[in-house]
There are 2 protein chains.
Amino acid sequence: MPASTRPLLVDVHTHIYTPTYVDLLRKRDQVPKVVRSNDGDERMILLKEEEGKGASASGRPIGPQYWDRAEKIRFMDTHGIDVSVISLANPWLDFLPPDEAVHAASALNSEVQAYCSSYGDAQAAESSFAAQTKKRLFAFGSLPLVPGVKVDEVLEAVQQVKGLSHLRGIVMGTKGLGKGLDDPEMEPIYEAVAAAGLVVFVHPHYGIDTSYGEQDNGHALPLGLGFPFETTIAIARLILAGVLDRHPDLKLLLAHSAGALPALSSRLASCIAHDPHVKDRLQHDFRYYLGQLWYDAVTYGPEELALVERVVSRANNYESRDEQLAFVDRVNDRKDLLAPEGHFPGVERILFGTDHPFFPPLEGEGDRWRSVDENLDAIAGVAGWADGERARVMGLNAVDLFGLGI
Amino acid sequence: MPASTRPLLVDVHTHIYTPTYVDLLRKRDQVPKVVRSNDGDERMILLKEEEGKGASASGRPIGPQYWDRAEKIRFMDTHGIDVSVISLANPWLDFLPPDEAVHAASALNSEVQAYCSSYGDAQAAESSFAAQTKKRLFAFGSLPLVPGVKVDEVLEAVQQVKGLSHLRGIVMGTKGLGKGLDDPEMEPIYEAVAAAGLVVFVHPHYGIDTSYGEQDNGHALPLGLGFPFETTIAIARLILAGVLDRHPDLKLLLAHSAGALPALSSRLASCIAHDPHVKDRLQHDFRYYLGQLWYDAVTYGPEELALVERVVSRANNYESRDEQLAFVDRVNDRKDLLAPEGHFPGVERILFGTDHPFFPPLEGEGDRWRSVDENLDAIAGVAGWADGERARVMGLNAVDLFGLGI
C-alpha cells in the first residue's frame with residue numbers, strides 16, 4: 001500500500017535495554033544478569049527458573065536488537081511503523097537497592113530521552129506524519145519503584161520524566177514498592193503521575209506459576225499464561241483497592257490487552273457482588289472500570305481483540321452497582337440496546353503494539369515478523385470494524401493519548 | 001413465559017455434597033473439613049487459606065442446600081430448570097489415601113445414582129420433556145483420582161460409572177493422579193473414559209495464588225481469578241501434552257467456560273509457534289483444539305460468552321499449524337470469510353450451568369438467584385444469536401452430549 005494512503009502506525013509496546021542497563025546486568029552474578037556463554041555469545045537470564053534444567057535453561061540470546069537504535073528503526077521501517085513509544089523492558093530496576101535505583105532511574109531517563117530526541121533523520125520515514133514532526137521516537141520513563149525507596153524520591157523522578165520532551169509516560173511492573181499495586185503507599189505516586197499527565201504502562205515480569213504438571217513446555221506457558229495472569233491479578237487488586245475511584249485521571253495502559261481481565265470481568269463483578277466483604281467497596285460495578293483503562297492491541301487474534309473492545313464499549317452501562325440487576329430487564333425487553341450497529345466506542349482505548357524485540361522470527365522465516373503480522377491481522381479482522389476503527393487502533397489513539405502531534 | 005413455549009433448560013454445572021461425603025468431612029480435623037461454629041451452625045472449610053485471618057476465614061456456612069434433594073428440586077423449579085446433571089463438588093476425594101478413595105468413589109457413585117434415579121415424581125416438572133422421560137436428575141460420577149492409587153482401580157470405577165443409568169460422565173479436578181492432567185500415567189484413564197462415552201467435567205479446586213498485594217478482598221479474587229486460572233493452566237498443559245491428538249474422542253466439558261483459555265488462545269498459539277521446544281509438538285495449531293472441547297456457559301456476561309462461541313467457531317480454520325500464516329492473506333483478501341453472517345457453529349459446544357448451590361443470593365434478595373439470571377442473561381444477550389442458538393445452549397446441546405433423551 002502506498003505510504004500516503006495507509007494509516008499512521010504507532011507502536012506503543014516496544015522495548016529496549018539501554019547500554020547503561022545492559023552494563024548493570026553484566027556486572028551481576030545473580031538473576032537478572034547477562035552472561036557470556038561458551039560459544040562467546042551473550043545471554044540474558046531474567047528469571048530464576050531460566051537457570052534450571054529444561055528447554056528454557058540459560059535464558060535467551062541478547063544482542064544489538066535490544067539496544068541499537070538503528071535496529072529499532074530498521075524493524076519499524078520493515079513493518080511500516082511510523083512512530084514508536086519505547087519502554088525499558090522488564091525487570092526494570094526491581095533488583096537494585098533503593099539508592100542505586102534512584103540514580104539508575106535518573107540516568108536511564110536521560111539516556112532514553114537522548115535515544116529518542118537525537119534521532120532527527122526523518123527522511124527515512126515513509127509517513128508524512130513523521131516527516132512533518134521529525135519525531136519518530138517517544139518513550140516511557142522509569143521510576144525507582146523498589147522496596148525501601150523514599151516516596152519523595154519517586155516523586156522527583158516523576159518530575160524529571162515530565163520535564164523530558166520525548167518522555168510521555170512511565171513503565172511500571174506489578175510490584176509497586178514491593179507490596180503490589182494496591183499498596184496505600186502508592187497513593188501519592190498515582191496522584192503525581194496523574195497530575196503530570198503521564199501515561200502509566202503496566203507490564204508483567206514475574207509471571208504466575210504455571211507448573212501445574214510435570215511436562216516441560218519451554219517458555220510457552222510462562223509467557224502465554226503466566227504473564228497475562230500477573231497483569232490481570234495486579235489490575236484487579238488495584239481496582240478493588242479503589243485506586244480508580246480516587247484517581248479518575250490516572251491513565252493506565254495495560255500490556256497484552258490486560259491479559260485475562262476482559263474475559264473474566266463479569267465473573268469478577270459477580271464474585272464481588274456476592275461477597276459481603278467487598279460488595280459495597282467500589283463506587284461502580286467492577287465492569288465500569290474497564291472503560292477507564294487503555295489496552296495495547298497485543299492479543300494475536302481478532303476475536304480476542306474484539307472482546308477487549310466490547311468490554312470497554314459496554315463499560316458505561318455499569319456505572320451503577322445496581323445496573324447489573326437492571327441489565328436483566330434490559331436484555332429481556334430491548335435486545336437492540338445491547339450492540340448498536342456500527343458503534344464501537346471502546347475502540348478509542350486500544351492501541352497497536354508489537355512487543356519488539358521479543359517474539360522474533362524463527363530461523364527460515366522472512367524479514368517481516370510473524371508476531372507483528374498476527375497483531376496487525378487481529379486489527380484487520382475484527383468483525384464490524386471499518387477503516388475508521390482500524391485507524392484509531394493503529395495510530396490515532398496513540399497520537400491523542402500521548403500528545404504525539406505536539 | 002408459559003412452560004410449553006419456553007426452551008428446555010438443562011443445568012450441567014450444579015453441585016452436591018452427599019450425606020456420605022459430608023460425614024467424611026465432619027470426621028476430619030484438617031482441611032477440607034466441616035466444623036460446628038460457636039453459634040451451632042456448621043461451616044465448611046475447603047482451603048488452608050480459609051482458616052487464616054481476614055474476611056474469608058472459617059469457610060462458608062453449609063446446610064441442606066448442599067445435600068437435600070428437595071432443595072435442589074426447589075431451586076430448579078424456581079428457575080425453570082427442567083433437568084440437572086449434578087456433580088460432586090470440589091475437592092472430591094483428593095484428600096483421601098488410595099484405598100479409602102477407591103471405596104468412597106464406589107459408595108458415592110451408588111449414592112448419586114440413587115439420588116437421581118429414585119426421583120420419579122415428575123408431576124412437579126413444568127416441561128413436557130421431563131414429564132415424558134420422568135427423569136430430571138442425571139449426574140457425573142467420581143473416580144478415585146489420588147496419588148498412589150492403582151490405575152486399574154480407577155478403570156474399575158470408570159466401568160462402574162458406565163453401568164449406572166443416571167451417570168453420564170465423571171467430574172475431575174486438575175491434579176489427576178497428583179501430577180496434573182499432562183501426566184502420562186493418565187493415558188489409560190483418558191482412553192477408558194473416551195471408550196465408555198463418558199463426558200469428563202473438569203473443575204478447579206486449588207486455585208492459583210492471587211495474593212499479589214496485601215489487601216484482603218475476601219473470596220473475590222480466589223474465586224474470580226484463581227479458579228479460572230487453574231482450569232486454564234491445566235487444560236493448556238493437557239493440550240500441549242498431546243492428549244487431544246491421541247484421544248480425539250475424549251469429551252472434556254470445562255467449568256467456567258474454560259476460564260481464560262479462549263481469551264488467551266491466540267497468544268498461546270503464538271508463544272508456541274515462537275518456541276522451538278514446542279512448536280512442532282502438536283498436530284494442529286493450538287487454537288484448533290478449542291473446537292474439540294465443550295464449555296459450560298458460566299461466564300456471567302454476554303460479551304464473554306460470545307468470545308467462547310467465536311473461538312470455537314473459528315477453530316477449524318486452524319487445523320494446520322501453517323494456517324496461522326495463511327490467515328494473514330485471508331484477512332487481507334477476504335474479510336467476509338471471517339464471520340459469516342448468522343453462522344455460529346461454536347454454539348453447539350456451549351451448555352448452560354448455574355454453579356448451584358454456590359453464589360447464593362445475599363440477604364434481602366428475592367427467590368431467584370442473581371447468579372443464575374446473570375448467566376441466563378448472558379445467553380439472551382449474545383449479539384447475533386437467534387432463538388435457535390439460545391435453545392441449543394440452554395438445553396439441546398446437553399440432551400445431545402449426555403444422551404438425555406434415552
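Nothing here was measured: the structure is a model prediction, and the numbers come from that model.

Enquirer: Explain the interface of chain B and chain A to me, using residue names and the numbers behind them.
Expert: Every contact between the two is made by 87 residues of chain B and, on the other side, 87 residues of chain A. Across the interface of chain B and chain A, roughly 7,500 Å² is buried in total on both sides, 62% from carbon and sulfur atoms. Interface area lost by chain B to chain A is led by Tyr-212, Arg-237 and Arg-267 of chain B, which between them contribute 12%. Here chain B is connected to chain A by four salt bridges. Note that Glu-304 of chain B and Arg-314 of chain A form a salt bridge whose closest N and O atoms lie 2.6 Å from each other. Across the chain B-chain A interface, the total number found is 30 residue pairs in polar contact (both at pLDDT 80 or more). The set of elements that each furnish at least two residues to the side of chain B that touches chain A consists of helix 7 (220-240), helix 9 (265-273), helix 10 (302-313), helix 11 (323-333) and helix 12 (370-381) of chain B. Considering every element that reaches the side of chain B that touches chain A, the biggest residue donor is helix 7 of chain B, with 14 residues. Taken together, the residues of the side of chain B that touches chain A sort by class into 39 nonpolar, 24 polar and 24 charged.

Enquirer: Give me the lowdown on unusual backbone geometry, citing residues and values where you can.
Expert: For the bond from Asn-90 of chain A to Pro-91 of chain A, the omega torsion is 10°, close enough to zero to count as cis. Inspection of the secondary structure puts Pro-91 of chain A in the loop between strand 5 (83-88) and helix 3 (98-117). In this chain, His-356 of chain B is followed by Pro-357 of chain B through a cis amide linkage whose omega measures 5°. One non-glycine residue, Ser-257 of chain A, lies in the positive phi region at around 55°.

Enquirer: Tell me about the pattern of salt bridges, residues and numbers included.
Expert: On inspection of all chains with the given rule, the structure shows 31 salt bridges over all chains. Close ionic contact of Asp-373 of chain B with Arg-368 of chain B constitutes a salt bridge, the shortest N to O distance being 2.7 Å. If you follow the salt bridges from partner to partner, you end up with Asp-23, Arg-26, Arg-36 and Glu-42 of chain A in one network.

Enquirer: Outline the packing of helix 12 (residues 370-381) of chain A against helix 13 (residues 387-402) of chain A, listing residues and values.
Expert: Residues and elements named next belong to chain A. Close contact between helix 12 and helix 13 brings their axes to 9 Å; oriented N to C, the two are set at 150°. Here helix 12 is positioned roughly antiparallel relative to helix 13, judged by the angle of their axes. Contacts between helix 12 and helix 13 involve Leu-376, Ile-379 and Ala-380 from the former and Arg-390, Val-393 and Met-394 from the latter. Here the residues of the contact of helix 12 with helix 13 sort into five nonpolar, no polar and one charged.

Enquirer: Can you lay out the relation of the copies chain B and chain A for me, pointing to particular residues and giving the numbers?
Expert: Superposing chain B onto chain A requires a rotation of 180° together with a translation of 0.0 Å along the rotation axis, leaving an RMSD of 0.0 Å. Interpreted geometrically, this transformation is the action of a two-fold axis. With an isologous cut-off of 70% or more, the 100% of interface residues of chain B that recur at the interface of chain A puts this contact in the isologous class.

Enquirer: Give a detailed account of the packing of helix 5 (residues 151-163) of chain B against helix 6 (residues 187-195) of chain B, specifying residues and quantitative values.
Expert: All names here are of chain B. Direction vectors running N to C along helix 5 and helix 6 enclose 15°, while the axes themselves pass 10 Å from each other. Considered as vectors, helix 5 and helix 6 are oriented roughly parallel to each other. When you trace helix 5 past helix 6, the crossing you get is right-handed. Two secondary-structure elements touch here, helix 5 through Val-151, Val-154, Leu-155 and Val-158 and helix 6 through Pro-188, Ile-189, Ala-192 and Val-193. Split into classes, the residues belonging to the contact of helix 5 with helix 6 amount to eight nonpolar, no polar and no charged.

Enquirer: I'd love a proper account of the environment of Leu-145 of chain B, names of residues and values included.
Expert: Residue and element names in this part refer to chain B. Structurally, Leu-145 is set in the loop between strand 6 (137-142) and helix 5. As for Leu-145 and Leu-177, which are separated by 32 residues in sequence, their C-alpha atoms are 5.3 Å apart. If we ignore the near neighbours within four places in the chain, the residues touching Leu-145 are Asp-94, Val-154, Met-172, Gly-176, Leu-177, Met-186 and Ile-189.

Enquirer: For the sheet that holds strand 4 (residues 60-61) of chain A, give the residues involved together with the corresponding values.
Expert: Residue and element names in this part refer to chain A. Taken together, the three strands give an open sheet; going across it, the order is 2-3-4, and neighbouring strands pair in antiparallel fashion. In this open sheet, the two edge strands, each paired with only one partner strand, are strand 2 (33-36) and strand 4. Two strands pair when backbone bridges link them, and strand 2 and strand 3 (residues 42-45) are joined in this way by four bridges, in the antiparallel orientation. By the bridge assignment for strand 3, Val-35 is matched with Arg-43. Sitting on the sheet, helix 1 (residues 19-26) is in contact with strand 2 and strand 3, with an inclination near 75° to strand 2.

Enquirer: An account of the nonpolar core is needed here, citing residue identities and associated values.
Expert: Soluble, globular proteins show a tendency: their nonpolar side chains are buried together. Membership of the largest hydrophobic core comes to 282 residues, with the highest contact counts inside it found for Tyr-17, Phe-286 and Phe-402 of chain A together with Tyr-17, Phe-286 and Phe-402 of chain B. For Phe-286 of chain A, the contacting residues outside a window of four places in its chain are Ala-236, Ile-239, Leu-261, Ser-265, Leu-268, Ala-269 and Ile-272 of chain A.

Enquirer: If you had to explain the sheet that holds strand 2 (residues 33-36) of chain B to someone new, which residues and values would you point to?
Expert: Residues and elements named next belong to chain B. Spatially, three strands are ordered 2-3-4 in an open sheet, and the strand pairing comes out antiparallel. The sheet is open, and its two borders are formed by strand 2 and strand 4 (60-61), each paired with just one other strand. Of the strands in this sheet, strand 2 and strand 3 (42-45) touch helix 1 (residues 19-26), which is tilted by about 75° from strand 2.

Enquirer: How would you sum up the confidence of the model for chain A? Please name residues and give values.
Expert: Residues and elements named next belong to chain A. Averaged over chain A, the pLDDT score is 90; the fraction of residues at 70 or greater is 89%. Across residues 122-126, where pLDDT falls below 50, the model places 12 contacts with residues more than four positions away in sequence or in other chains. Within the model, the stretch residues 332-339 combines pLDDT values under 50 with 10 contacts to residues more than four positions away or in other chains.

Enquirer: Summarise helix 2 (residues 69-78) of chain A; cite the residues concerned and give the values.
Expert: Residues and elements named next belong to chain A. Of all the residues in helix 2, the buried ones are Lys-72, Ile-73, Phe-75 and Met-76. Within helix 2, the buried residues cover an arc of 160° as seen down the axis, which keeps them to one side. Of the residues that open helix 2, the one with a side-chain oxygen 2.8 Å from the backbone nitrogen of Ala-70 is Asp-68. Positive phi shows up at Gly-80, right after helix 2, with a value of about 70°.

Enquirer: Describe the environment of Leu-254 of chain A, listing the residues and the values that go with them.
Expert: Residue and element names in this part refer to chain A. Tracing the backbone through its elements, the reader meets Leu-254 in strand 9 (residues 251-254). Under the relative-accessibility criterion, Leu-254 is labelled buried at 0%. When residues no more than four places from it in sequence are discounted, the contact partners of Leu-254 are Phe-201, Val-202, Ile-235, Leu-293, Trp-294, Tyr-295 and Asp-296.

Enquirer: Go over the packing of aromatic side chains with me, naming the residues and quoting the values.
Expert: All names here are of chain A. Within this structure, the stated rule accounts for 19 aromatic pairs over all chains. For the ring pair Phe-75 and Trp-369, a centre distance of 4.9 Å and an interplane angle of 65° mean the geometry is edge-to-face. Within this pair, whereas Phe-75 is found in helix 2, its partner Trp-369 is found in the loop between strand 11 (350-351) and helix 12, the two being separated by 294 residues in sequence. One exposure class covers both Phe-75 and Trp-369, and it is buried.

Enquirer: Describe the side chain of Asn-397 of chain A, and please don't skip the residues or the numbers.
Expert: All names here are of chain A. Of note, Asn-397 is situated in helix 13. From its side chain, Asn-397 meets the backbone oxygen of Val-347 in a polar contact 2.8 Å long. Here Arg-392 takes part through its side chain, which lies 2.6 Å from a polar atom of the side chain of Asn-397. If sequence neighbours within four positions are ignored, Asn-397 has contacts with Val-347, Glu-348, Arg-349, Ile-350, Leu-351 and Arg-392.

What counts, and at which threshold
Residues numbered from 1 in each chain as written. Chains lettered and ligands numbered in written order. Predicted model: local features only at pLDDT ≥ 70, side-chain atom pairs only at ≥ 80, totals over all residues. Heavy atoms only, no water. Contact = heavy atoms within 4.5 Å. Buried area = accessible area lost by both parts, 1.4 Å probe. Salt bridge = Lys/Arg side-chain N within 4 Å of Asp/Glu carboxyl O. Polar contact = N/O pair within 3.5 Å; in protein donor to acceptor, adjacent residues only side chain to side chain. Helix = DSSP H or I, 4+ residues; strand = E, 2+ residues; numbered from the N terminus. Nonpolar A, V, L, I, M, F, W, Y, C, P; charged D, E, K, R; others polar. Axes fitted to C-alpha atoms, helices over the stretch in contact; angles between N-to-C directions. Parallel < 35°, antiparallel > 145°, perpendicular 65-115°, else oblique. Least-squares fit on C-alpha atoms with pLDDT ≥ 70 in both. Left-handed = near helix turned anticlockwise from the far one by under 90°. Pairing = 2+ DSSP bridges. Core = buried A, V, L, I, M, F, W, Y, C linked by side-chain atoms within 4.5 Å. Buried < 20%, exposed > 50% of the residue type's maximum accessible area, 1.4 Å probe, protein only. pLDDT = per-residue confidence, 0-100. Arc of directions from axis to C-beta. Phe/Tyr/Trp six-rings, centres within 6.5 Å; stacked < 30°, edge-to-face > 60°.

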